[in-house]
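Residue-level structure breakdown
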Amino acid sequence: LSNSPTIYLFISLTVPKWFEKQDSMELPGYWLRDDALAIWNAISEFVAEIVDLTYPHDSFVATDVEIQGFCNEVVTFGFKPFKESCGFPSALLDKASLTELLTAIIFNVSAYHASVNFQALKYYGFVPGAPCCMTMPPPAQGEEVNMKRILKTLPPQEIAQVVMVIAYNLAHFSPIEKFLLGEPGKGRGGLIDETLLVGPEQHDCVKRFELRLSIIRDKIHERNQDLEIPYDVLCPNEVPLTTQT
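First, a word on scope: everything that follows refers to the structure included in this document. (Residues numbered from 1 in each chain as written. Predicted model: local features only at pLDDT ≥ 70, side-chain atom pairs only at ≥ 80, totals over all residues. Heavy atoms only, no water.)

**Considering the nonpolar core**
The test is simple: In these notes, a set of buried Ala, Val, Leu, Ile, Met, Phe, Trp, Tyr and Cys residues joined through side-chain atoms within 4.5 Å is what counts as a nonpolar core. Whether a residue is buried, partly exposed or exposed follows from its accessible area with a 1.4 Å probe, protein chains only, as a fraction of its type maximum: under 20%, in between, or over 50%, in that order. Numbering of helices and strands starts at the N terminus; helices are DSSP runs of H or I of at least 4 residues and strands are runs of E of at least 2. The contact criterion used is simple: two residues touch if any of their non-hydrogen atoms lie within 4.5 Å.
Counting 46 residues, the largest nonpolar core has Ile39, Phe107 and Phe209 as its most contacted members. Going through the elements one at a time, α2 (15-21), α3 (31-54), α5 (65-78), α6 (95-117) and α11 (200-224) are the ones with two or more residues in this core. Sequence-distant contacts of Phe107, that is, excluding residues within four places in its chain, are made with Val15, Ala36, Ile39, Trp40, Ile43 and Tyr112.

**A few points about the side chain of Arg33**
Structurally, Arg33 is set in helix α3. Among residues more than four places away in sequence, those in contact with Arg33 are Phe19, Ser24, Met25, Glu26 and Leu27.

**Re α5**
For clarity, the threshold we go by: The span one expects for a helix is its residue count, reduced by one, times 1.5 Å. An arc is given here, and it is the one of the directions from the helix axis to the C-beta atoms. Polar contacts, as counted here, are pairs of nitrogen or oxygen atoms within 3.5 Å of one another; within protein the pair requires one atom able to donate a hydrogen and one able to accept it, and residues that are adjacent in sequence qualify only if both atoms are side-chain atoms.
Between its terminal C-alpha atoms α5 stretches 18 Å, which fits the 20 Å expected from 14 residues at 1.5 Å a residue. Turning to α5, its buried residues are Ile67, Gln68, Cys71, Val74 and Val75. Down the axis of α5, the buried set is contained in an arc of 125°. They therefore lie on one face. Of the exposed residues in α5, the ones pointing more than 90 degrees away from its buried face are Val65, Glu66, Glu73 and Phe77. In the core, the buried residues of α5 are packed alongside α4 (58-62) and α6. Backbone nitrogen of Glu66 and a side-chain oxygen of the N-cap are separated by 2.9 Å at the start of α5; the cap is Asp64.

Below you can see the structure in the form of structure tokens.
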């Protein structure tokens, strides 16, 4: 935690730039990247439409005291201990920068959170694969490692059970969860169910967003038919809207 200010960067919240920084844009079979970029682009297009309806020109963004106050507060207080505020913008001067920031926020509380949180049981459910603690130091060079040594090193049964229960609960959706792409037939609500007090133009933006997400969903399903191990972690109908539940 103490080292986080030295490694955390605002660029890590902007998916396309982060994959480019990792030099992983051409890596084959990287389904997380492919699906994340698809969802990022869909969110970005949706946000851009809403921003265009709200701000006729870039100057309206630059003179929005609420937007500029938000940036100033984050930089001044939120990221104060971080070097150069981790690259977080101290001001937003045009619609493009506002769109990028809003897209980053929406993506990270939805798709990114889903890609990490709901996989907890796969990794932490098998305690030897990812033990929460170790009761003995790592074996020394040349030391014999047998089953007795391994079992003595793993956490006690009571602690292992607690971790498994936590992982189980983290990996399951809340019964009141809402998703990027709803499935009314399964009783799953989507973005349209959370949209209140919007006019016809904003409502049309939501419907176009849902269409983009449904295309992404269909492409993921088609791709997975040829995979030995299907990857549907970021299928839009499996991605909750936020981290709230």
